Amino acid sequence: MFLLPNVWLAGRFRGFFHNPNNIGLILGLAIPLAAAQWLRTRERLFVAIVIIFSLNLVACGSRSPMLGIAVAMVAILISLLAKRPNQAIAISLLAMSGLAFFIQTDFFTENIVRESTLTTASNRTYFWDLAKTYIAHRPDFGHGFGTETLIHEHYGIVLTDLQLRGHGVMSSYYGLAVQIGWPFTYCFFGLLWAFVVYCCVKYWRNYELVTLVASLASGLIICIFEPAIYSAGNIFSFLFWMILMLAVRRKCYQKWRLSP
């Protein structure tokens, strides 16, 4: 995909996608898994995978996956301390040194930070203001599941008139609240975050389980900026729920293994 000039040279890398953020959605879940596998097995194949994935992520310039991956890798490296403290410390120092160098480059400033879009999160804050208005009309039970793509039309909002381009209300949190109301949204995401935090704290020595829930944490951070978690046709949604099921399975296995 790097050899296609129309996608590589024209601003942010898009690959086969119309939106470069679609690349970030996938890599936000894939990179923590691949990096954790490399740290565990030390196989060269996973080094190559992490490098290729990372280059694609940097080229597409998607910021929310970078934030999610950073959080996920912190959790993974903390868990690695229990098994290989020397390796965890060395990788942490190397990563911080590389990051310190990278954030001082012009490429980082122009393609990653993009200061002109930083305060509005690439116009997402305008979508979130619209979402607050929609939710205020039906805060308890929402407008019905699957209505996010129709919500603007329902309230007579034309995105092109507002010079906005995007899908739904550009956030899985706000988007779900528009559809099912705040109480169920708090319950839904509260349970997901509680599961992630509980596993990271309670089973922080279980490297495999921490890897899975750390990837979930990355996905939940991405969901702040992308309406992807409940989209049946989005590969991010498929990967997220698959990882969640694997994490629940491993959590139950851990419980059964420790029971008398």
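Look above for the structure.
Read on for an overview of the structure. What you see is a predicted model, and the numbers here were worked out from it, not measured in a lab.

Some thoughts on helix α10 (residues 172–180)
Moving on, step 1. For α10, the buried fraction is high: 8 of the 9 residues fall into the buried class.
Moving on, step 2. Residues S172, Y173, Y174, G175, L176, A177, V178 and Q179 constitute the buried set of α10.
Moving on, step 3. Elements in contact with the buried residues of α10: α8 (124–137), α9 (151–154), α11 (182–202) and α12 (207–222).
Moving on, step 4. A distance of 3.3 Å separates the backbone nitrogen of Y173 from a side-chain oxygen at the start of α10, and that oxygen is part of S171.
Moving on, step 5. With its phi angle positive at about 90 degrees, G181 sits one or two positions after the end of α10.

What about the packing of α10 against α11?
Helix packing geometry: the angle between the two helix axes and the distance between the axes.
Moving on, step 1. Contact pair α10 / α11: the axes reach a minimum separation of 7 Å and the direction vectors enclose 140 degrees. Between α10 and α11, the crossing angle belongs to the class labelled oblique. Note on packing geometry: the crossing formed by α10 with α11 is right-handed. On α11, the residues touching S172, Y173, Y174, L176, A177 and I180 of α10 are W182, F184, T185, F188, F189 and W193.
Moving on, step 2. Among the residues forming the contact of α10 with α11, the class breakdown is 10 nonpolar, 2 polar and no charged.

Describing the nonpolar core
One broad trend across soluble globular proteins is that nonpolar side chains are buried collectively.
Moving on, step 1. Counting residues in each nonpolar core, the largest one holds 27 residues, and the members touching the most others are V213, L216, L220, I229, F236 and F240.
Moving on, step 2. The element contributing the most residues to this core is α12, with 7 residues.
Moving on, step 3. With residues up to four places along the chain from it excluded, the contact list for L220 reads Y173, F189, L192, W193, V196, I229 and F240.
Moving on, step 4. Within the second largest apolar cluster, 25 residues are counted, among which are I23, C60, I69 and L80.

A look at the layout of surface pockets
Moving on, step 1. In this structure, the largest pocket occupies an estimated 1,500 Å³ of space.
Moving on, step 2. Looking at the largest pocket, it is lined by 42 residues, and the ones nearest its centre are M66, I69, A70, M73 and L99.
Moving on, step 3. Secondary-structure elements contributing two or more residues to the lining of the largest pocket are α2 (21–41), α3 (44–60), α4 (63–81), α5 (85–102) and α6 (106–113).
Moving on, step 4. With 9 residues, α4 is the single largest residue contributor to the lining of the largest pocket.

The rules behind the values
Residues numbered from 1 in each chain as written. Predicted model: local features only at pLDDT ≥ 70, side-chain atom pairs only at ≥ 80, totals over all residues. Heavy atoms only, no water. Buried < 20%, exposed > 50% of the residue type's maximum accessible area, 1.4 Å probe, protein only. Helix = DSSP H or I, 4+ residues; strand = E, 2+ residues; numbered from the N terminus. Contact = heavy atoms within 4.5 Å. Polar contact = N/O pair within 3.5 Å; in protein donor to acceptor, adjacent residues only side chain to side chain. Axes fitted to C-alpha atoms, helices over the stretch in contact; angles between N-to-C directions. Parallel < 35°, antiparallel > 145°, perpendicular 65-115°, else oblique. Left-handed = near helix turned anticlockwise from the far one by under 90°. Nonpolar A, V, L, I, M, F, W, Y, C, P; charged D, E, K, R; others polar. Core = buried A, V, L, I, M, F, W, Y, C linked by side-chain atoms within 4.5 Å. 1 Å grid on protein atoms, 1.4 Å probe; cavity = no way out; pocket = protein on both sides within 12 Å on 5 of 7 lines; lining within 4 Å. Points joined across faces, edges and corners; volume = space filled by probe spheres on them.

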